[in-house]
Amino acid sequence: MDAAARDWFASRTWQSVEWTVADLVAAKGSRTVSVVLPALNEEATVGDVIASIRPLVGTLVDELVVIDSGSTDRTVEVALAAGARVVLRTDVLTELEPLPGKGEVLWRSLAATSGDLLAFVDSDLVDPDPAFVPTLLGPLLLQPEVQLVKGFYRRPLSTEDASVGSGGGRVTELMARPLLSALRPELSGIIQPLSGEYAGTRELLEAVPFASGYGVEIGLLLDAHRLVGLPGIAQVNLGVRRHRNQPLAALGLMARQILSTALGRCGLLPGDTPGELTQFVQVAGEWLPDTAGVHVTDRPPMRELLVR
Ligand SMILES: O=c1ccn([C@@H]2O[C@H](COP(=O)(O)OP(=O)(O)O)[C@@H](O)[C@H]2O)c(=O)[nH]1
Ligand SMILES: O=C(O)[C@@H](COP(=O)(O)O)O[C@H]1O[C@H](CO)[C@@H](O)[C@H](O)[C@H]1O
């Protein structure tokens, strides 16, 4: 392991946490916390994810927001019934036509919320752990230098025994981790670089661009490293994380978006370069090409748009 990564791993990894919610509320002082759940057609799971966080609202958490990504199912209704505030991507920055993608709604969530600190939690989690948010917020509230906290966990695939499985994080293991080891070995100590559960300061999150698609996590990690260095980044053990696993072909498209963003952030590919991915499907015994466009736009740092 890269020497800097090894030193960072030793000093900024919490394998277990000693703080309580009460400790964090005391440390929070006048700072405010927004929890944001990006959601695209998550009617089956968003209610439970909200329920796992809602007891913190009013103490550790000041606002719990589902940012909807154009759902066509009952995500909005379920989220409202579960007690979250729901913001449609067209409700905010209305002058900008929404782009498709997870990063787009996370970027828009900065304009829809006011917390000094933000925590992002995916809406497709299965058996979400109420400790996720307090564990993520700990280093931000207790370590002044830290501006980005990534969660890590054992990730069973939905087809595996949840008590021992670890087959999840397929894009992480097969693409993101090898890519970071090649291009940014200092970040090779990050256990889950793509984890969808992470927290950051508004100061950092409004200072960096957001990749509009699935490249948002790798882009934020690379930009955080560029702006605040390893001392500004921490990682916390969240235990076990299960979610709805997409099929391999969908993860191929996700990986292609992540690759575009990472190569752009590392100066190896001009940003916003349109691309495509050709995959193959078998139809009546024949293998046929299936080509999809991959054009992931970066949204600019929010602070360039918002006059506070
Ligand atoms: O265009 C999108 C794609 C995804 N998501 C949300 O982002 C989270 C992670 O997306 P997904 O589950 O598709 O990725 P995976 O976890 O499979 O890597 C989930 O809450 C999705 O509902 C979103 O809001 N907009
Ligand atoms: O980590 C991964 O490899 C992918 C796919 O996970 P699985 O193989 O379905 O467990 O999931 C993550 O990647 C996305 C892109 O960064 C994030 O947006 C998701 O939140 C995260 O679950």
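Residues numbered from 1 in each chain as written. Chains lettered and ligands numbered in written order. Predicted model: local features only at pLDDT ≥ 70, side-chain atom pairs only at ≥ 80, totals over all residues. Heavy atoms only, no water.

## Re the site of ligand 2
Put simply, the rule reads: Neighbouring residues are identified by heavy atoms, a residue being near a molecule or strand if any of them is within 4 Å of it. Definition of a polar contact: a pair of N or O atoms within 3.5 Å, with one able to donate and the other able to accept a hydrogen when the atoms are protein atoms, and with sequence-neighbouring residues admitted only if both atoms are side-chain atoms. Every accessible area reported is derived by Shrake-Rupley at a probe size of 1.4 Å, with residue values counting cover from the shown protein chains alone. Every definition here rests on a 1 Å grid over the protein atoms only: cavities are sets of points where a 1.4 Å probe fits but cannot get out, pockets are open sets enclosed by protein on both sides within 12 Å along at least five of seven lines, and lining residues have some atom within 4 Å of a point. To decide whether a molecule occupies a pocket or cavity, check its atoms: if more than half lie within 2 Å of the grid points, it is inside. In this description a helix means any DSSP run of H or I spanning at least four residues, a strand means any run of E spanning at least two, and both kinds are numbered starting from the N terminus. Think of it as three bins: nonpolar holds Ala, Val, Leu, Ile, Met, Phe, Trp, Tyr, Cys and Pro, charged holds Asp, Glu, Lys and Arg, and polar takes everything else, Gly as well.
Every one of the 18 residues lining ligand 2 counts as a neighbour, but D122, R155, R170, V171 and T172 are closest to it. At 2.5 Å, a side-chain N or O of D122 approaches an oxygen atom of ligand 2. One nitrogen or oxygen atom from the side chain of R170 is found 2.7 Å from an oxygen atom belonging to ligand 2. Considering ligand 2 on its own, with 500 Å² of exposed area, one finds that the protein chains cover 97% of that surface. The site holding ligand 2 turns out to be the largest pocket. Sorting the residues of the shell around ligand 2 by element identifies α7 (170-183) and α10 (248-265) as the ones contributing at least two each. Looking at the shell around ligand 2, its residues break down into six nonpolar, six polar and six charged.

## Considering the site of ligand 1
Of all residues adjacent to ligand 1, which total 16 residues, the nearest are P38, L40, E42, Y214 and R244. The backbone of P38 places a nitrogen or oxygen atom 2.8 Å from an oxygen atom of ligand 1. Within the side chain of E42, one N or O atom sits 2.6 Å away from an oxygen atom of ligand 1. Protein burial of ligand 1: of its 510 Å² of free accessible surface, 90% is covered by the chains.

## Some details on the UniProt feature "domain: Glycosyltransferase 2-like" (unreviewed entry) in the chain
Put simply, the rule is: UniProt positions are given in the numbering used here, feature names are shortened, and annotations may be inferred rather than shown by experiment.
The residues that UniProt annotates with the feature "domain: Glycosyltransferase 2-like" (unreviewed entry) are residues 34-141. Regarding residues 34-141, the helix share stands at 33% and the strand share at 20%, and the terminal C-alpha atoms are separated by 13 Å.

## Notes on the pairing of strand β4 (residues 85-88)
Note the cut-off: Note: two strands are recorded as paired if DSSP finds a minimum of 2 bridges between them. Orienting the strands away from the viewer, one traces the path from the first strand over the helix to the second; a clockwise path indicates a right-handed crossover.
Sheet analysis places strand β3 (residues 63-68) next to β4, joined by four bridges and oriented parallel. Bridge assignment links I67 to a residue of β4, and that residue is V87. Note that the unit made of β3, helix α4 (residues 75-81) and β4 has a crossover that is right-handed.

## Digging into the sheet that holds strand β7 (residues 148-154)
If you walk across this open sheet you meet the eight strands as β1-β10-β7-β8-β5-β2-β3-β4, and the pairing is mixed. Bordering the open sheet on either side are β1 (13-14) and β4, each of which pairs with just one other strand. Inspection of the sheet shows strand β5 (residues 117-120) paired to strand β8 (residues 198-201) by four bridges, in the antiparallel sense. Considered in β8, the bridge of L117 is made with T201.

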